[in-house]
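# Structural characterization, general
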Amino acid sequence: TKNKRLQLRADVSEKYYSHLGHITGANFRLTGSDRTFNIEAIGGRLVSYGRSTANDICFVPVIFEFDNTDRDIVAGSFCDVFMLGKRRENVISVPISALTEDQGLYYVFLQVDDEGYKKQEVEIGETDGIRREIVRGLNPGDKVVVKGAVQVKLAGMSGVIPAHTHEH
């Protein structure tokens, strides 16, 4: 019964203190898991955030609480927390599953026809743990492969599917 309502504590660097008043929620992913939870969707809410730091600690605690029914989240587990703020307009974003990374550069695959794909370098921005902002490299209306991007990459490298790419 003690694990039905849990608290999530995120330790945020004090350099982001001025942003804490704009937090509207959070997403979190348990270490080693691909599943991302939305605090609000699981009956949670922001409880509080610290107004100061301890002398020897440079982090400000942000506390959320949520229902843990049928989720098997173990109290004390570590996770990645993605703070959510005000909604932004005119942002292009893609599901994280659409991104591939190669030597520190990020790519998506654009569908150019029924069987052809183009590898497109993109510059990434902020993330909410589910989607990633694309700062440069995509235009509204581009058809992006959002599931199976890694398979498209591997198939293109093996020559199984036509890939309209230009690489150096």
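The paragraphs below set out a description of the structure included in this document. (Residues numbered from 1 in each chain as written. Predicted model: local features only at pLDDT ≥ 70, side-chain atom pairs only at ≥ 80, totals over all residues. Heavy atoms only, no water.)

## Overview of the overall build of the protein chain
Secondary structure assignment for the protein chain yields 1 helix and 11 strands. The order of helices and strands in the protein chain, counted from the N terminus, is β-β-β-β-β-β-β-β-β-β-β-α. The proportion of buried residues among the 168 residues of the protein chain is 30%. Taking the contacts inside the protein chain whose residues are at least 6 apart along the sequence as the reference set, 65% of them involve residues at least 24 apart. Here the protein chain has roughly 11400 Å² of accessible surface; of this, 48% comes from carbon and sulfur atoms. (Helix = DSSP H or I, 4+ residues; strand = E, 2+ residues; numbered from the N terminus. Buried < 20%, exposed > 50% of the residue type's maximum accessible area, 1.4 Å probe, protein only. Contact = heavy atoms within 4.5 Å. Areas by Shrake-Rupley, 256 points an atom, 1.4 Å probe, with all protein chains shown as cover.)

## Details of the sheet that holds strand β11 (residues 131-136)
One open sheet holds the 5 strands; their spatial order is β7-β11-β10-β9-β8, and the pairing between them is antiparallel. Only two strands of the sheet have a single partner each, and these edge strands are β7 (93-95) and β8 (100-102). When the angles between neighbouring strand axes are averaged without regard to direction, this sheet yields 55 degrees. Two elements, strand β10 (residues 117-127) and β11, share 3 bridges in a ladder whose sense is antiparallel. Residue pairing in the sheet places I124 in a bridge with I134 of β11. (Pairing = 2+ DSSP bridges. Axes fitted to C-alpha atoms, helices over the stretch in contact; angles between N-to-C directions.)

## So, the side chain of N27
Locating N27 in the fold gives a position in strand β2 (residues 25-30). Within the structure, N27 has its side chain in polar contact with the backbone oxygen of D128 (distance 2.7 Å). With residues up to four places along the chain from it excluded, the contact list for N27 reads T36, F37, N38, D80, V81, F82, L84, D128 and I130. (Polar contact = N/O pair within 3.5 Å; in protein donor to acceptor, adjacent residues only side chain to side chain.)

## Quick notes on the environment of T69
Turning to its location among the elements, T69 is positioned in the loop between β5 (59-67) and β6 (79-84). The class for T69 is partly exposed, based on a relative accessible area of 40%. Taking the C-alpha atoms as reference points, T69 and I42, 27 residues apart in sequence, are found 8.8 Å from one another.

## Quick look at the sheet that holds strand β1 (residues 5-13)
Read from one edge of the open sheet, 3 strands run β1-β5-β4, paired in antiparallel fashion. Edge positions in the sheet fall to β1 and β4 (45-49), since each has one partner strand and no second. On average, each strand axis in the sheet is tilted by 25 degrees relative to the strand beside it, whichever way the strands run. Two elements, β1 and β5, share 9 bridges in a ladder whose sense is antiparallel. The partner of V12 across the bridge, within β5, is V60.

## A few points about the nonpolar core
Burial of nonpolar side chains together is a common tendency in soluble globular proteins. Of all hydrophobic cores here, the largest spans 17 residues; its most connected members are F28, I39, V62, F64, F66 and I73. Secondary-structure elements contributing two or more residues to this core are β1, β2 and β5. Excluding anything up to four places from it in sequence, F28 contacts L8, R35, T36, F37, I39, I42, F66, I73, C79, D80 and V81. Of all hydrophobic cores here, the second largest spans 8 residues; its members include V94, V122, I134 and L138. (Core = buried A, V, L, I, M, F, W, Y, C linked by side-chain atoms within 4.5 Å.)

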